[in-house]
Amino acid sequence: MRTRVKARAGAFAGALAVVATTMVAGAGPAAAEDSFSFTYTDITGSKDYVIAVNNNTWSETAGHAIWRADPSGGSTGDTLVADDILPDGYGIEAHLSDGRIATTRGHSANYSDETSGNLTEGTTWSMWVCVVKGSFSKCSSKIGVKA
């Protein structure tokens, strides 16, 4: 009788381990997908725009995509910035529809990357930001920014 109880307890423990492993493995991409949201801010009185990346799991801002049309005092022209500020293991990629990408992929948090160059004044471009890690990517909606 005791052997049968031990065998059942062992089988039950093994079944629990399989269920737990399956639940954890299954929660990976879906959990990451739900962990991020985006906040859009048009900087009043300028042509600058910020898309904040929010890590909902940590309840903190993870980073930003920033558009700076002709930055004040700069000679770099129109600038796209990716800013990663939260050490959560994810990177930030800022995209512009002209093909520019500023990325923090592969760098530790508190890292920024920018790409610059003059664009035709008054033209509208699409900007968006993606949270990236390995093959995972979740992107914001595209918004219009002006050069």
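Residues numbered from 1 in each chain as written. Predicted model: local features only at pLDDT ≥ 70, side-chain atom pairs only at ≥ 80, totals over all residues. Heavy atoms only, no water.

Our next topic: the sheet that holds strand 3 (residues 60-68). Read across the open sheet, the five strands follow the order 1-2-3-4-7; overall the sheet is antiparallel. Strands with a single pairing partner mark the edges of an open sheet, and in this sheet they are strand 1 (36-42) and strand 7 (111-117). With strand direction ignored, the average angle separating the axes of adjacent strands in the sheet is 15°. In the sheet, strand 3 pairs with strand 4 (residues 78-84) via six bridges, with the strands oriented antiparallel. (Pairing = 2+ DSSP bridges. Helix = DSSP H or I, 4+ residues; strand = E, 2+ residues; numbered from the N terminus. Axes fitted to C-alpha atoms, helices over the stretch in contact; angles between N-to-C directions.)

The next point concerns the pattern of salt bridges. Within the structure shown, the criterion is met by three salt bridges. Two residues, Glu-121 and Lys-47, come together in a salt bridge whose shortest N-O distance is 3.4 Å. Remark: Lys-47 occurs in the loop between strand 1 and strand 2 (49-55) and Glu-121 occurs in the loop between strand 7 and strand 8 (124-133); sequence separation between them is 74 residues. A residue is classified by how much of its surface remains accessible, and Glu-121, at 46% relative accessible area, is partly exposed. Put simply, Glu-93 and Arg-105 hold a salt bridge, and the shortest N to O gap is 3.1 Å. (Salt bridge = Lys/Arg side-chain N within 4 Å of Asp/Glu carboxyl O. Buried < 20%, exposed > 50% of the residue type's maximum accessible area, 1.4 Å probe, protein only.)

Bringing the state of the cysteines into the picture now. Tallying each qualifying case throughout the model produces one disulfide. Between Cys-130 and Cys-139 runs a disulfide, and the two sulfur atoms are separated by 2.0 Å. Because the sign of the S-S torsion sets the handedness, a value of about 100° for the bond joining Cys-130 and Cys-139 places this disulfide among the right-handed ones. Of the residues examined, Cys-130 reaches a relative accessible area of 3% and is grouped as buried. Here Cys-139 falls in the partly exposed class, since its relative accessible area comes to 39%. (Disulfide = S-S within 2.5 Å.)

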